[in-house]
Amino acid sequence: MCTSDSHSKATPATSHRRTFLRLSVASSIAALSSLSANAIAKQADKSPPKPENTITPQEAKNRLAAGNKRYVEGVTKRHDFLNEREPLATGQNPFAAILSCADSRIAPEYAFDSARGDLFVVRVAGNFVSNDGLGSLEYAVAVLQTPLLMVLGHESCGAVKAAIESQKDNKKFPGNIQLLADAIAPSVKKVLTQGDIFNASIRQNVIDNIEKLKTNSSIISNAIDQKKLMIIGGVYKLATGKVELV
Ligand SMILES: [Zn+2]
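Residues numbered from 1 in each chain as written. Predicted model: local features only at pLDDT ≥ 70, side-chain atom pairs only at ≥ 80, totals over all residues. Heavy atoms only, no water.

**Here we look at the packing of aromatic side chains**
Here is the rule we go by: Here is the rule: rings of Phe, Tyr and Trp (six-membered ring for Trp) pair when centre to centre is within 6.5 Å. Planes less than 30 degrees apart are stacked, more than 60 are edge-to-face, and the remainder are tilted. Under the scheme used here, helices are H or I runs from DSSP no shorter than 4 residues and strands are E runs no shorter than 2 residues, and both carry numbers assigned from the N terminus. Exposed residues in this analysis have more than 50% of their type's maximum accessible area, buried residues have under 20%, and partly exposed residues fall in between, with area computed by a 1.4 Å probe over protein chains only. Ring-over charges, as used throughout, are those where CZ of Arg or NZ of Lys falls within 6 Å of the ring centre and within 35 degrees of the ring normal.
Applying the stated criterion across every chain yields a total of 2 aromatic pairs. Here the aromatic rings of Tyr-71 and Tyr-236 are separated by 6.3 Å at their centres, their planes lie at 45°, and the arrangement is tilted. You can see Tyr-71 sitting in helix α4 (residues 57–73) and its partner Tyr-236 sitting in strand β4 (residues 230–236), a full 165 residues away along the chain. Accessibility expressed as a relative area gives 3% for Tyr-236, which makes it buried. Looking at Arg-63, its charged tip hangs above the ring of Phe-95, at a distance of 4.0 Å from the centre.

Have a look at this one:
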């Protein structure tokens, strides 16, 4: 049994080992050069504003599925935004991060019947991984300890349609819209010979961006290896509101 007395009478060997451990922890934190060690320490010191969001990746996945089921069935919860304001003023600990399309018909907070402080959402037309988006999602994983990451595509996505038209018809789009088509083009090319090229491209785009998140970020891949994070993909069905996992 470990008593307080045994702690106070440390031998030179155990004392050395403790010093070494302290130094190892300190150097590991210092190694996270892309993040502020202070930011991580401050977050860890605080009790989470939403304790119910401190859950495992599988529990987070189940919670998204349950929220989407309520949304589909039209039995969403009444969210008390008033009572949430005070705890959320102290910080955030969302249980899921979502890379979603900017399409006005896809609102992750509604689709998963969630409240403020529950979802960390990055949105861009075509739900593809950009450097800025990746940095935002890394922040969710490394600093906010979010256990679940979802890439969420949807039916009739205009950005995916543009990518198909740029590949099949050599169509060019004005301004920076072409950049969206170019970003999704590699996924379209993989399914060009398939019958339902639109839905196949939407699905492939989700699959490829999940892969990108894993391969382009050691923060994300390490969190997956440590079983702290799960990445999943989904496609939102416009007519029913159902998110079908990819
Ligand atoms: Zn879209």
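**Considerations on the sheet that holds strand β1 (residues 96–100)**
The cut-off we apply is this: Strand pairing is defined by DSSP finding a minimum of two bridges between the two strands. All axes here are fitted lines through C-alpha atoms, helices being fitted over the stretch that makes contact, and every angle between N-to-C directions spans 0 to 180 degrees. Residue contacts follow a heavy-atom distance rule, with two residues in contact if any of their heavy atoms lie within 4.5 Å.
Strand order in the open sheet made by the 5 strands is β2-β1-β3-β4-β5, with mixed pairing throughout. A strand with exactly one partner marks an edge of an open sheet, and here the two such strands are β2 (119–123) and β5 (243–245). Each strand of the sheet is rotated relative to its neighbour by a mean of 30°, with strand direction disregarded. Pairing between strand β3 (residues 148–154) and β4: 7 bridges, direction parallel. Bridging across to β4, Gly-153 finds its partner in Val-235. Sheet strands in contact with helix α10 (residues 197–215) are β3 and β4, and its direction is about 160° off that of β4.

**Quick word on unusual backbone geometry**
If you check the backbone angles, Asn-127 has positive phi at about 35° while not being a glycine. Looking at the secondary structure, you find Asn-127 in the loop between β2 and α7 (131–142).

**Quick word on the coordination of the zinc ion**
In a perfect tetrahedron of four donors around a metal, the angles come out at 109.5 degrees. In a perfect octahedron of six, they are 90 or 180 degrees. The test is simple: With water omitted from the atoms examined, metal sites may look incomplete; donors here are N, O and S atoms no farther than 2.8 Å from the metal, or 3.2 Å in the case of Na, K and Ca.
Looking at the metal site, the zinc ion is ligated by Cys-101 (SG), His-154 (NE2) and Cys-157 (SG), spaced 2.0 to 2.3 Å from it. Sequence spacing of the donors to the zinc ion: C-x52-H-x2-C. You can see Cys-101 sitting in the loop between β1 and α6 (108–111) and its partner His-154 sitting in strand β3, a full 53 residues away along the chain. Neither Cys-101 nor His-154 differs from the other in exposure class; each is buried.

**What to know about the nonpolar core**
Heads up, the condition is: To qualify as a nonpolar core, a set must consist of buried Ala, Val, Leu, Ile, Met, Phe, Trp, Tyr and Cys residues joined through side-chain atoms within 4.5 Å.
Ranked by size, the top nonpolar core spans 39 residues in total, and within it Leu-149, Leu-213 and Ile-220 carry the most contacts. Residues Leu-64, Phe-112, Met-150 and Leu-152 belong to the second largest nonpolar core, which totals 15 residues.

**Focus on the confidence of the model for the protein**
Where we set the bar: The score called pLDDT rates the predictor's confidence residue by residue, from a low of 0 to a high of 100.
Mean pLDDT for the protein: 87, with 81% of residues reaching 70 or above. Across residues 1–21, where pLDDT falls below 50, the model places 4 contacts with residues more than four positions away in sequence or in other chains. Throughout residues 23–34 the model reports pLDDT below 50, and contacts reaching past four residues in sequence, or to other chains, amount to 3 contacts.

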